[in-house]
Amino acid sequence: MFEYLLKRIATIVPTLIFVSMLIFGLQQLLPGDPAKVLAGEEQDPTVIAYLRAKLHLDEPLPVRYAYWVGGVLKGDLGESIRNQQPVRDLILQKLPVTIQLATMAMCIALLIGIPAGIVAAVGRGTVWDTLANMFALWGLSTPNFWLGILMILLFSVHLGWLPASGYVSPFEDLRANLAAMIMPAFVLGNAIAAVLMRHTRSAMLQVLSADYVRTARAKGLRERSVVLKHSLRNALTPVITLGALELGTLLSGAVLTEQVFTIPGFGKLIVDSVFNRDYSVVQGVVLVTATAYITLNLLADLAYFLANPRLRR
Amino acid sequence: MKKPSLAVLAALLLAAAPLAQAQTLKIGLAEDPDVLDPSLARTFVGRIVFAALCDKLLDVDEKLTIVPQLAQSWEWSADSKALTMKLRPGVTFHDGEKFDAAAVKFNLERHKTLQGSNRRGELAPLATVDVVDPLTVRLNLSAPFSPLLAALADRAGMMVSPKAAQAAGATFGSKPVCSGPFKFVERVAQDRIVFERYDGYWNKAAIHFDKVTYTPIPDATVRLANLKSGQFDFIERVASSDIEKLQAEKKLKVARITEIGYQGLTINIGKSELSQQNPLGRDARVREAFELSLDRQGLAQVVMDNQATVGNQWVAPNNPFYAKNMPVPKRDVAKARALLREAGVSNPSFTLVTTTSSDAQRLALVVQAMARDAGFDVKIQATEFATSLNMADKGEFEAYVLAWSGRADPDGNVFSFHGCKQPLNYSGYCSADTDALLTQARTQRDPAERRKTYEQVAAQVLKERPVIYLYHRNWLWAYSPKLAGVREIPDGLLRVSGLKMAP
């Protein structure tokens, strides 16, 4: 296992180098001149020339890449051209928000999705199965932004229970923070819960029809023990993979949901930066999310070992 | 299965709904402002925030008249090449530094020399600044330049603390120090900008809030929902489709102000070779026919839900510099067809480039339908903004939907667009006569004389139609009925002085 772990970690380095090249290269493929976008309405030629020089836009691509990577290796991700804040500060500002939102959404998704999947599989063909499937279909087919706006209208405008937007740091006021985060977390968690439910259900169905489950039942084990101890563990492997991927997606920013609820996380940061051609911010954020993705995948691989002891050999 | 769980959570959090603090003014913006340094700032939305943070030498009022702010009075020399300003005594910056003539000199020079400054163009004719005495400053120009006053009533007239600016260098914008009614507290990008009341403000009596917060929410529906639920006291840029309902409901107050900018269609008539390859760019009669095929009132109605004033010039018909000799033409499809026959083109076809914003795309669709009646085949090419800007600059377009946010002085709406080789002249229009007139208007201080010059400019430019001006949008604001003292100034910037929240 230790050897496997080492191998996995060793593959991360080339992956990251490749990712950094990809991020940088794709950015350059974006049409339009960033200096022109940043120069604002006036399009003053001296300002454009200044911005071109500042962004090294006239240098060849490899040189620009070297400038950027050189900075990254020193921990300097550059500075936002639009509002002058260091990219590292921007990321550190947004990261806790995004992590909180992702964690809350994932908890909601797990709390709903896995039990619903188990119930649907165990009670296959019953009314519970139908209900769970209906829920999954609904969750998968409801667009996040639409559900978000409906929830704002219901809980903020009509009932006045929750704030429509306005992020508050949990260290400032925990209740206000939860009040602001619960709706976006639910909207995000809802869609993932549906995916998790479908996968848990199909994995469970497969496991429940396996020989060893029949043996377990024949041994006279209680159904509860058969389902939760013997079947669920085996069924969880694909669900863990999926969960890790979904968590990675959440960490890279829930673009639409963050826009609707004005949650100042990665999603909003990256969208605004792309439209403003704020290159250094886009590159920094994508690099961080790519690293998070890779790390989560590694963690998912490790989680297999915990869930399924046979792999430990 | 999930609704109950949500209800339980919501009920738990019921008490968590934040209580509104009476002394904080909460404003919802449509975008996140750019850097908060008056020299470097580039966006419209940034100017809204500056209105509370940085006082200017001059200001404009509801009628776009120049009024005093940090300068109490001003006087031009006989040759119009020197402007002497008397400054307001007893003004201090947020760091306690004194505002005086030396500070004005520092600021104007900073605008002109700071790397990447966007104010250079507005202050181009400003040669030197003399400190006459601590409260008198003289601006010496290389040539007469009447738009200077309007520039000093905008970002070029904003004064920052010289001491803070020198200490902060290029990063001044992340912690700006000015002399406005509110001072900078913090900014979390894309989340909030917080200011608190400056106790040393010269016009303290007009300030009735302890704090101002600006929160960017790009989606108009969500912005309005936040206003309705009490998260905001004021929002800018309400969606035009929401206005009628808001007015009928009478729960919120609404302000509609005709902008100083415009919405128009820029036509490539000489920017690149492409202009000569299609009849629209080649032949002024075809452009006239195109204009005659458009029903401006209809456009304003369909595209802007009537929240716009139709016009045919770079300033709105209610502007003192509107050229009355060139009235808004009526739609005349028969005449348009006749003109096309005369030009010898039966079914002219061209591509109209638009950005991907919903307003611009809707505009393009309605233009396409209207022009079809006269025999035009308009193809629409929706392009992301940055790309469209590049295409415009290189002349890789035949027609382009382009709006301008406008400047208080007409010069700011016309010089850079119709002067030969100017940075915003995307149409490629160039005429020595027009250039001479535009320069002449810059030297004239008497409004009546200037209007006459602009009438001549209008007669020349509108005949060639490098830009077909369509309408002037309304700035649409909505705010709490308790908020009093909202001044409707056409530049679309909310002034916080005098705003008051009724108990």
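Look up: the structure comes first, before these words.
Peer 1: Quick rundown of the overall build of chain A? Include the residues and the values.
Peer 2: Assigned secondary structure in chain A consists of 13 helices and 0 strands. Listed by position from the N terminus, the elements making up chain A come as α-α-α-α-α-α-α-α-α-α-α-α-α. For chain A, the spread of C-alpha atoms along the three principal axes comes to 85 × 60 × 35 Å. Across the 313 residues in chain A, those meeting the buried criterion constitute 42%. Within chain A, counting contacts between residues at least 6 apart in sequence, those at least 24 apart form 71% of the total.

Peer 1: Tell me about the overall build of chain B, and name the residues and values.
Peer 2: Counting secondary structure elements, chain B contains 16 helices and 20 strands. C-alpha atoms of chain B, sized along the principal axes, occupy 75 × 70 × 35 Å. Going through the 503 residues of chain B one by one, you find that 52% of them count as buried. Contacts in chain B between residues at least 24 apart in sequence constitute 69% of all its contacts with a sequence separation of at least 6.

Peer 1: Please give an account of the sheet that holds strand β5 (residues 82–87) of chain B that cites residues and values.
Peer 2: Two orientations exist for strands paired in a sheet by backbone hydrogen bonds: parallel and antiparallel. Residue and element names in this part refer to chain B. Strand order in this open sheet of 4 strands is β4-β5-β7-β6, and the pairing throughout is antiparallel. The sheet is open, and its two borders are formed by β4 (71–76) and β6 (126–133), each paired with just one other strand. Put simply, the sheet's adjacent strands are angled 20 degrees from each other on average, direction ignored. Relative to β5, β4 runs antiparallel, the two being bridged by 5 bridges. Bridge pairing links Ala-71 to Leu-87 in β5. Here helix α3 (residues 101–113) sits on the sheet and contacts β5, β6 and β7 (136–141); the angle it forms with β6, its principal contact strand, is near 170 degrees.

Peer 1: Give a description of the interface of chain B and chain A that names residues and reports values.
Peer 2: Taken together, the 46 residues of chain B in the interface contact 55 residues of chain A. Mapped onto the side of chain B that touches chain A, the elements with two or more residues apiece are α1 (3–12), α6 (220–228) and α13 (385–394) of chain B.

Peer 1: Describe helix α4 (residues 61–73) of chain A, naming the residues involved and giving the relevant values.
Peer 2: Here α4(A) is 13 residues long and its end C-alpha atoms lie 18 Å apart, about the 18 Å a rise of 1.5 Å per residue gives. A:Gly75 lies just past α4(A) and shows a positive phi near 80 degrees.

Peer 1: Please provide a residue-by-residue account of the packing of helix α15 (residues 432–443) of chain B against helix α16 (residues 447–464) of chain B, values included.
Peer 2: When two helices pack together, their arrangement is given by the angle between their axes and by how far apart the axes lie. Residue and element names in this part refer to chain B. The geometry of α15 relative to α16 is characterised by a closest axis approach of 9 Å and an angle of 160 degrees between their N-to-C directions. Between α15 and α16, the crossing angle belongs to the class labelled roughly antiparallel. Note on packing geometry: the crossing formed by α15 with α16 is left-handed. Contacts between α15 and α16 pair Asp-433, Thr-434, Leu-437, Leu-438, Gln-440 and Ala-441 from the former with Arg-450, Thr-453, Tyr-454, Gln-456, Val-457, Gln-460 and Val-461 from the latter. For the contact of α15 with α16, the per-class residue count stands at 6 nonpolar, 5 polar and 2 charged.

Peer 1: Help me get a handle on the pairing of strand β9 (residues 192–197) of chain B, residues and values and all.
Peer 2: All names here are of chain B. As defined by bridge partners, strand β8 (residues 182–188) adjoins β9 across 6 bridges and the pair is classed as antiparallel. In the strand pairing of β9, Lys-183 is matched with Glu-196. Taking the residues between adjacent antiparallel strands as the criterion, β8 and β9 are bridged by 3 residues, where Gln-190 takes a positive phi near 60 degrees. Inspection of the sheet shows β9 paired to strand β10 (residues 211–216) by 4 bridges, in the antiparallel sense. By the bridge assignment for β10, Val-194 is matched with Thr-213.

Peer 1: Give me the lowdown on the environment of B:Arg337, citing residues and values where you can.
Peer 2: Residue and element names in this part refer to chain B. Position of Arg-337 relative to the elements: it lies in helix α11 (residues 333–343). Judged by local crowding, Arg-337 falls into the partly exposed class, with 17 C-beta atoms found within 10 Å. Separated by 188 residues in sequence, Arg-337 and Leu-149 place their C-alpha atoms 46 Å apart.

Peer 1: Could you give me a rundown of the nonpolar core, with the residues and numbers involved?
Peer 2: Counting 159 residues, the largest nonpolar core has A:Ala105, B:Leu53, B:Met159 and B:Val212 as its most contacted members. It is helix α8 (residues 174–208) of chain A that contributes the most residues to this core, 20 residues altogether. Listed in part, the 73 residues of the second largest apolar core include B:Ile269, B:Phe350, B:Ala371 and B:Trp404.

Peer 1: Please set out helix α1 (residues 2–29) of chain A residue by residue, giving values where relevant.
Peer 2: With 28 residues, α1(A) should cover 40 Å at 1.5 Å per step; its first-to-last C-alpha distance of 41 Å lies within 8% of that length. In terms of burial, α1(A) is largely open, as just 1 of its 28 residues are buried.

Peer 1: I'd like a rundown of the packing of helix α5 (residues 87–122) of chain A against α8(A), residues and numbers included.
Peer 2: All names here are of chain A. Where α5 meets α8, the axes come as close as 5 Å, and the angle between the chain directions of the two elements is 35 degrees. Remark: the crossing between α5 and α8 carries right-handed chirality. Each residue belonging to the contact of α5 with α8 can be placed in one class, and the counts come to 25 nonpolar, 5 polar and 1 charged.

Peer 1: So, the pairing of strand β13 (residues 262–267) of chain B: which residues are in play, and what are the values?
Peer 2: Residues and elements named next belong to chain B. Within β13, 6 of the 6 residues are buried, leaving the element largely enclosed by the surrounding structure. Alternating positions in β13 separate into two faces, Tyr-262, Gly-264 and Thr-266 on one and Gln-263, Leu-265 and Ile-267 on the other, with burial throughout. Note that β13 and strand β17 (residues 399–404) share 6 bridges and pair antiparallel. Directly across from Leu-265, in β17, lies its bridge partner Val-401.

Cut-offs applied
- Residues numbered from 1 in each chain as written.
- Chains lettered and ligands numbered in written order.
- Predicted model: local features only at pLDDT ≥ 70, side-chain atom pairs only at ≥ 80, totals over all residues.
- Helix = DSSP H or I, 4+ residues; strand = E, 2+ residues; numbered from the N terminus.
- Buried ≥ 20, exposed ≤ 12 C-beta atoms within 10 Å, placed from the backbone.
- Contact = placed C-beta atoms within 7 Å.
- Pairing = 2+ DSSP bridges.
- Axes fitted to C-alpha atoms, helices over the stretch in contact; angles between N-to-C directions.
- Expected span 1.5 Å × (residues − 1).
- Parallel < 35°, antiparallel > 145°, perpendicular 65-115°, else oblique.
- Left-handed = near helix turned anticlockwise from the far one by under 90°.
- Nonpolar A, V, L, I, M, F, W, Y, C, P; charged D, E, K, R; others polar.
- Core = buried A, V, L, I, M, F, W, Y, C linked by C-beta atoms within 7 Å.

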